[in-house]
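Below are the chains, spelled out letter by letter.
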Amino acid sequence: TMYELMEGLVKGINAGANPINISSGGTGASVIMQSLIQQATSQGIQIVAAAGNDGGTSATYPAAYPGVLAVTASSPTGQLASYADDGSFVGAMAPGTVTVPWNGQTWMVEGTSPATADVTGTLVELENSQHLTLPQAVGQVTKSMPPPIR
């Protein structure tokens with residue numbers, strides 16, 4: 001629920017998590033969620049959120065809030081995935097199709113949520129392996145993002 005998402009965000013902020021991944025979203029803006037995002041970004045916490053899976057350009061929240069790195073999904077060929085949102089708020093793109101081994105089987109997961117997890121992990125990897133600051137890592141991820149090909 002939105003309440004649980006905000007509760008998790010508060011716990012992440014209070015624990016000093018950075019970056020924070022939100023592989024969730026919707027079309028409704030929330031004053032409380034926006035306030036939490038502002039609190040996090042004012043403390044230097046990078047929020048990375050899924051852009052949405054409607055295949056349009058409308059704002060998806062929390063991805064469209066200022067300071068959030070919104071992530072869309074690419075197809076296996078590197079083009080914008082047909083389902084992936086690509087509004088002006090989007091700042092990064094990553095593969096939207098991943099396989100997940102679970103309980104002896106392999107499952108395929110598709111959407112901007114796995115792409116968001118990929119970008120969040122990439123930020124942490126850049127911080128750790130290349131000793132970049134989080135803002136430098138964000139700059140590198142957004143700079144290397146190919147323009148969507150429709």
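Refer to the structure above for everything that follows.
To keep things clear, this report deals only with the structure shown in the data block. (Residues numbered from 1 in each chain as written. Predicted model: local features only at pLDDT ≥ 70, side-chain atom pairs only at ≥ 80, totals over all residues. Heavy atoms only, no water.)

### Regarding the nonpolar core
Reasoning step 1: In this structure, Val119 and Leu123 are the most contacted members of the largest nonpolar core, which totals 20 residues.
Reasoning step 2: Going through the elements one at a time, strand S3 (68-74), strand S4 (90-95), helix H3 (112-129) and helix H4 (134-143) are the ones with two or more residues in this core.
Reasoning step 3: Aside from chain neighbours lying at most four places away, what touches valine 119 is Val48, Leu69, Val71, Ala92, Ala94 and Val141.
Reasoning step 4: With 19 residues, the next largest nonpolar core counts Ile22, Ile37, Tyr65 and Ala70 among its residues. (Core = buried A, V, L, I, M, F, W, Y, C linked by side-chain atoms within 4.5 Å. Buried < 20%, exposed > 50% of the residue type's maximum accessible area, 1.4 Å probe, protein only. Helix = DSSP H or I, 4+ residues; strand = E, 2+ residues; numbered from the N terminus. Contact = heavy atoms within 4.5 Å.)

### Description of H4
Reasoning step 1: Along H4, the residues classified as buried are Leu134, Ala137, Val138 and Val141. Viewed along the axis of H4, the buried residues span an arc of 100°, placing them on a single side of the element. The exposed set on the far side of H4, more than 90 degrees from its buried face, consists of Pro135 and Lys143. (Arc of directions from axis to C-beta.)

### Observations regarding the sheet that holds strand S1 (residues 20-22)
Where strands meet in a sheet, backbone hydrogen bonds hold them as pairs that are either parallel or antiparallel.
Reasoning step 1: As summarised here, the arrangement of the four strands in space is S1-S2-S3-S4, forming an open sheet in which the pairing is parallel. At either end of the open sheet lies a strand with only one pairing partner, and these are S1 and S4. With direction set aside, neighbouring strand axes in the sheet form an average angle of 30°.
Reasoning step 2: Here four bridges tie strand S2 (residues 47-50) to S3, and the two strands are oriented parallel to one another. Its bridge partner lying in S3, isoleucine 47 is registered against valine 68. (Pairing = 2+ DSSP bridges. Axes fitted to C-alpha atoms, helices over the stretch in contact; angles between N-to-C directions.)

### What to know about the packing of aromatic side chains
Reasoning step 1: Summed over the entire model, instances satisfying the criterion amount to one aromatic pair.
Reasoning step 2: Ring centres of tyrosine 61 and tyrosine 65 lie 4.8 Å apart, and the angle between their planes is 45°; this geometry places the pair in the tilted category.
Reasoning step 3: By relative accessible area, tyrosine 61 is classed as partly exposed at 22%.
Reasoning step 4: In this structure tyrosine 65 comes out as buried when scored by relative accessible area, which is 4%. (Phe/Tyr/Trp six-rings, centres within 6.5 Å; stacked < 30°, edge-to-face > 60°.)

### Some thoughts on the packing of helix H1 (residues 2-15) against helix H2 (residues 31-42)
Reasoning step 1: Orientation of H1 relative to H2, taken along the N-to-C sense of each, is 15°, at an axis distance of 11 Å. With respect to H2, the axis of H1 lies roughly parallel. Considering only the axes of H1 and H2, their crossing is left-handed. Residues Met2, Leu5, Met6, Leu9, Val10 and Ile13 of H1 form the contact with H2, whose own contacting residues are Ile32, Met33, Leu36, Ile37, Gln39 and Ala40.
Reasoning step 2: A per-class count over the contact of H1 with H2 returns 11 nonpolar, one polar and no charged. (Parallel < 35°, antiparallel > 145°, perpendicular 65-115°, else oblique. Left-handed = near helix turned anticlockwise from the far one by under 90°. Nonpolar A, V, L, I, M, F, W, Y, C, P; charged D, E, K, R; others polar.)

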